Amino acid sequence: EETGYIVRPATNGKIALSAANAILPDLILLDIKLPDTNGYDICISLKENPLTKDVPIIFLTGRGDNNDIIKGFEIGAADYITKPYDKTILLARVKTHIKLRLQTIKLQKLSEIDELSDLANRRRFDSFLESEWRRCGRENNPISLMMCDIDYFKFYNDTYGHQLGDNVIKRVASVLKRYGARPSDLQARYGGEEFGFIMGNADEEYILSIANDLCKEVEALKITHEKSKVGNFVTISIGVATMFPGKSTDHTKLILEADKMLYKAKDEGRNRAFGVNC
């Protein structure tokens, strides 16, 4: 604290696990000897938890046997310091591991962003859908998925060129960004001219109303599209699917059902949204 760090102490293993989940620290200092358990078990639990698995752990303990040190590294510790410790060395290692942690987070975020649209990329979409599916299943909440496609986009590229086509993707993405500010929401570029919009704890009626608003807003951009068979401007078609994951671990059906609704929207004339509650 004297050097500017915000410190959250935990008096036992149970409190430590609860606090780590709640605040997602940048670093954890962990003793091996604890009142209710041992530090090894806490380290293993933290590394098995998707939320805390990447948080660096430094064992700070009086147990300096080589076997203890080796075990600490084997179960995922980033460092191991024995007591009595030198204050300046401890602070130097804390600073180093926090710096590495923040750099890793920055790189991870960059690797999950689609450069053209500035939305999440397909990799982030897949991992987010999987984790949100599990969360909604545990909490018995619905999860909804919206699949959006720019109508007659190939015709647009053929007519105006790929540079202007890229600009269309950016402008459609900017409309998507106006919606879904909750932690359980994610907008992503799924591929090409297709976008995915995940909304945890959202029912079909709610997300379908957003889908209809999106169709109207994209058309209201008034981006000229002479070769569109819908009208004179760029439009989108949207398919929506809502499911209760329950105990199922397979989220692929949600994507398949949203795709079916997208195809239905296209078959019915495009520039519209259709949804299904599975």
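Note: the structure precedes this text.
Reading the values: the criteria
- Residues numbered from 1 in each chain as written.
- Predicted model: local features only at pLDDT ≥ 70, side-chain atom pairs only at ≥ 80, totals over all residues.
- Heavy atoms only, no water.
- Helix = DSSP H or I, 4+ residues; strand = E, 2+ residues; numbered from the N terminus.
- Rg over C-alpha atoms; globule rule 2.2 N^0.38 Å.
- Buried < 20%, exposed > 50% of the residue type's maximum accessible area, 1.4 Å probe, protein only.
- Contact = heavy atoms within 4.5 Å.
- Areas by Shrake-Rupley, 256 points an atom, 1.4 Å probe, with all protein chains shown as cover.
- Phe/Tyr/Trp six-rings, centres within 6.5 Å; stacked < 30°, edge-to-face > 60°.
- Lys NZ or Arg CZ within 6 Å of the ring centre and 35° of its normal.
- Pairing = 2+ DSSP bridges.

Student: So what's going on with the overall build of the protein chain? Residues and values would help.
Tutor: Tallying secondary structure elements over the protein chain gives nine helices and eight strands in all. For a compact globule of 278 residues, the expected C-alpha radius of gyration is about 19 Å, and the protein chain comes in at 24 Å, more than 25% above that figure. Along the three orthogonal principal directions, the C-alpha set of the protein chain runs to about 75 × 40 × 30 Å. For the protein chain, with 278 residues in total, the buried portion stands at 43%. Considering only residue pairs separated by 6 or more positions, the protein chain has 64% of its internal contacts joining residues 24 or more positions apart. Entry remark: accessible area of the protein chain is about 15400 Å², with carbon and sulfur atoms responsible for 51%.

Student: Run through the packing of aromatic side chains, naming residues and quoting values.
Tutor: All told, the structure shown has six aromatic pairs when counted by the stated rule. A ring pair is formed by tyrosine 40 and phenylalanine 59, whose centres lie 5.7 Å apart and whose planes are at 65 degrees; its orientation type is edge-to-face. With tyrosine 40 in helix α2 (residues 39-48) and phenylalanine 59 in strand β2 (residues 57-61), this residue pair connects regions lying 19 residues apart in the sequence. Across the pair, phenylalanine 59 and tyrosine 40 agree in class, each one buried. Between phenylalanine 153 and tyrosine 156, the aromatic rings sit 6.4 Å apart at their centres with planes inclined by 5 degrees, giving stacked as the arrangement. With a gap of three residues between them, phenylalanine 153 and tyrosine 156 both fall in helix α6 (residues 153-160), about one helical turn apart. In textbook terms, an aromatic cluster arises when at least three aromatic residues are bridged by ring pairs, as seen for Tyr40, Phe59 and Tyr80. Over the ring of tyrosine 152 we find arginine 270; its NZ or CZ atom is 4.1 Å from the centre of that ring.

Student: Please provide a residue-by-residue account of the pairing of strand β3 (residues 79-82), values included.
Tutor: One ladder, built from four bridges, connects β2 with β3; its direction is parallel. For isoleucine 58, the partnering residue across the bridge sits in β3 and is aspartate 79.

Student: Explain the environment of arginine 93 to me, and be specific about the residues and the numbers.
Tutor: Note that arginine 93 resides in helix α4 (residues 87-111). Take arginine 93: its relative accessible area is 32%, and that puts it in the partly exposed class. For arginine 93 and asparagine 21, which are 72 residues apart along the polypeptide, the C-alpha to C-alpha distance reads 23 Å. With residues near it in sequence (within four places) discarded, arginine 93 still touches Ile58, Asp79, Tyr80 and Ile81.

It is worth stressing that arrangement in space is one thing and function is another; only the former is reported here.
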